[in-house]
Every structure is written in C-alpha cells, then in structure tokens.
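Fold and contact review
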Amino acid sequence: MTTAPAPDQLRLLDVQALDTRAQQLAHQRRVHPAHERATELASRLADLEAAYVTSKTAVSDLRREVAKAEADVEQVRTRAARDQARLASAAVSAKDAQALTHEIAALARRQSDLEEIELEVMERLEAHETTLAEVGKARDEVLAQQEEAAGILERALATLDEELAQVAAEREQVAHGLDAGLLALYDRLRAQLGGSGAAALRGRRCEGCRLDLNPSDVEKIKAAPPEQVVRCEECGRILVRGADGRSAAS
Ligand SMILES: [Zn+2]
C-alpha cells in the first residue's frame, strides 16, 4: 500500500493541472492550422515550379524555332536577290534569263510559305511567353504567401513554447519536495492513462473517469487514513480526497 502525506496528495492535483495544460499546449503546437497552410502552399509551389520549368523549356525551344525560321526566310531572300541581280545584268543569255525568272517565282512562293511558318511559330512563342509570365507571377505570389505563413507559424510556436516553458517551470516548483513514491506512481499512471494519473474525488465522483463510485466504496475510501493513497476502482487513477473546496482542475 502506498502512503503519502495528505497535503502532498492534494498538491498532486496542482501538478496534474499543470501537466494537463502542458499536454494541451503541445497538442496545439502539433495541430496549429499554420502547419496545414504551410503544407498546402508547399504543394502549390511544387506544381507551379513544375509548370514554370515546362513553360520555360517550351519558350526556349520556340525561340530556337523562330531563329531557324528567320534564317530559312533570309536564305531564300538572299538567293532571290542574287537571281534578280544576275537577271538585271547585261551578260545573261535568253535561256538563262528564263531559268532565272522561273527560279525567282519559285523562290517567292517558297519565301511566302516560310514566312507563314515563321509567323505561326512566333504566335506560339508569344502564347508561351504569356503563360511563362503568368506562371512566374503566380509562383512569386505563393513564395510571398509562404514567407508570410512561415512567419505566422514561427510566432505562434514561439508563443506556445513560451507558455510551455512557464508551465514547466511552475510544474517543477509545485512538484518540488513532493513525496517521491507518490510522484513516481503518478508519473507511471499518467504515462499509462493518456496523461492523467491523479484525480479529485468530488462527492461520489472520480474526476478522472467521471464515474460515480458505489456508496460502500466511497465510505471505505473516506474512512481510510488520510495518508493512504487511494486508487479509483474504475480507472485506476490516484483518487485525491479533500479537494471538494478547491476549484476543479482544468
Ligand atoms: Zn476514475
């Protein structure tokens, strides 16, 4: 049978209240909405980064295609100009003149086709450049939102950590000098029972499991020596007597 001075048993309820508070703060720290926001933004950023790379590749490919189309047009234009110059010279024979005229006409058709291709590629390039700019802007916006969210999370966690440190300091103070056997039993039960190892007996009710004990058990508990450490028959927690005048543990 465990025994501990009655005032120590009562003080254990204060330790329990602080441990419960610390547990709540740790939970708030874990499930803070800013975590979810950070995950959501990271996922959106990853999508936008991928789209940006795709768009940038398309733009650089199309820029090369435009340069190639321009060179093709230029080549045909040069050839036609050379033919025109030869045709205009006095030295050209009638037979050559006919051939040149023929070729010039063919080159004009070719140039027109190539210019059409060039125009089409330029239009596609323009569309992709617009997309690239839009994706880049969206990415910058998400980056800014991410920075803001990180700041919010950091401040929220710092506030919670500060409160946790206060609670830990207070717990140390309250638990200081408490009966070692009682504290060890409490810590063991707390680990087993979801963070709650001690509870007040209020009337017939155990504040730990919130069940009413049967009257004969309550009589036995109340009749037991004050230093005897009593456990709840239902949940196994340390049942602290004499807490009726105290406010309920949060
Ligand atoms: Zn109980």
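Structure first, text after, so check above.
Residues numbered from 1 in each chain as written. Predicted model: local features only at pLDDT ≥ 70, side-chain atom pairs only at ≥ 80, totals over all residues. Heavy atoms only, no water.

**Let's talk about the overall build of the chain**
Regarding its fold elements, the chain presents five helices and four strands. Its C-alpha atoms put the chain at 135 × 35 × 25 Å along the principal axes. Within the chain, the proportion of its 250 residues that are buried is 33%. For the chain, restricting intrachain contacts to residue pairs at least 6 apart in sequence, the fraction spanning at least 24 positions comes to 75%. Counting only carbon and sulfur atoms, one obtains 53% of the accessible surface of the chain, whose full area is about 15300 Å². Charge separation in the chain, taken as the distance between the mean sites of 34 positive and 44 negative side-chain charges, equals 4 Å. (Helix = DSSP H or I, 4+ residues; strand = E, 2+ residues; numbered from the N terminus. Buried < 20%, exposed > 50% of the residue type's maximum accessible area, 1.4 Å probe, protein only. Contact = heavy atoms within 4.5 Å. Areas by Shrake-Rupley, 256 points an atom, 1.4 Å probe, with all protein chains shown as cover. Lys, Arg positive; Asp, Glu negative; His and termini not counted. Charge placed at Lys NZ, Arg CZ, Asp CG, Glu CD.)

**With respect to the coordination of the zinc ion**
In the first shell of the zinc ion, the protein supplies Cys 206 (SG), Cys 209 (SG), Cys 232 (SG) and Cys 235 (SG), at 2.2 to 2.3 Å from the metal. As a motif over one chain, the donors of the zinc ion read C-x2-C-x22-C-x2-C. Here Cys 209, found in the loop between β2 (205-206) and α5 (215-223), pairs with Cys 235, found in the loop between β3 (230-231) and β4 (238-240); they are 26 residues apart in sequence, far enough to count as distant. What makes Cys 235 buried here is its relative accessible area of 16%. (Donors = N, O, S within 2.8 Å, 3.2 Å for Na, K, Ca; no water.)

**Re the packing of aromatic side chains**
Applying the stated criterion across every chain, the model contains zero aromatic pairs. In this structure, Arg 139 is placed above the aromatic ring of Tyr 52, and the distance from its NZ or CZ to the ring centre is 4.1 Å. (Phe/Tyr/Trp six-rings, centres within 6.5 Å; stacked < 30°, edge-to-face > 60°. Lys NZ or Arg CZ within 6 Å of the ring centre and 35° of its normal.)

**Considering the sheet that holds strand β1 (residues 198-202)**
One open sheet accounts for four strands, arranged β2-β1-β4-β3; its pairing is mixed. Sheet topology places β2 and β3 at the edges, where each strand pairs with a single neighbour. In this structure, β3 lies alongside β4, joined through two bridges in antiparallel fashion. What sits directly across from Arg 231, in β4, is Ile 238. Strands in contact with helix α4 (residues 180-192) are β1, β3 and β4; relative to β4, the strand with the most contacts, it is inclined by about 120°. (Pairing = 2+ DSSP bridges. Axes fitted to C-alpha atoms, helices over the stretch in contact; angles between N-to-C directions.)

**Some words on the environment of Val 174**
Relative to the helices and strands, Val 174 is located in helix α3 (residues 94-175). Each C-alpha atom, one on Val 174 and one on Gln 228, is 21 Å from the other, the two residues being 54 residues apart in sequence. Apart from residues lying up to four places away in sequence, Val 174 is in contact with Arg 11, Asp 14, Val 15 and Leu 18.

**Comments concerning the packing of helix α1 (residues 6-30) against α4**
With their axes 11 Å apart at the nearest point, α1 and α4 run at an angle of 35° to one another. The hand of the α1/α4 crossing is right-handed. When α1 is examined against α4, the residues Asp 8, Gln 9, Leu 12, Val 15, Gln 16 and Asp 19 are found in contact with a partner set consisting of Leu 182, Leu 183, Tyr 186 and Arg 190. Here the contact of α1 with α4 is built from residues that sort into five nonpolar, two polar and three charged. (Left-handed = near helix turned anticlockwise from the far one by under 90°. Nonpolar A, V, L, I, M, F, W, Y, C, P; charged D, E, K, R; others polar.)

**Some thoughts on the nonpolar core**
Soluble globular proteins tend to bury their nonpolar side chains together. Of all hydrophobic cores here, the largest spans 25 residues; its most connected members are Leu 12, Val 15, Leu 182, Leu 183, Tyr 186, Val 229 and Ile 238. Elements with a minimum of two residues in this core: α1, α3, α4, β1 and β4. With six residues, α3 is the largest single contributor of residues to this core. Ignoring sequence-local partners within four residues, the contact set of Tyr 186 consists of Leu 12, Val 15, Gln 16, Asp 19, Arg 171, Gly 197, Ala 198 and Ile 238. Of all hydrophobic cores here, the second largest spans 13 residues; its members include Leu 48, Tyr 52, Val 59 and Ala 149. (Core = buried A, V, L, I, M, F, W, Y, C linked by side-chain atoms within 4.5 Å.)

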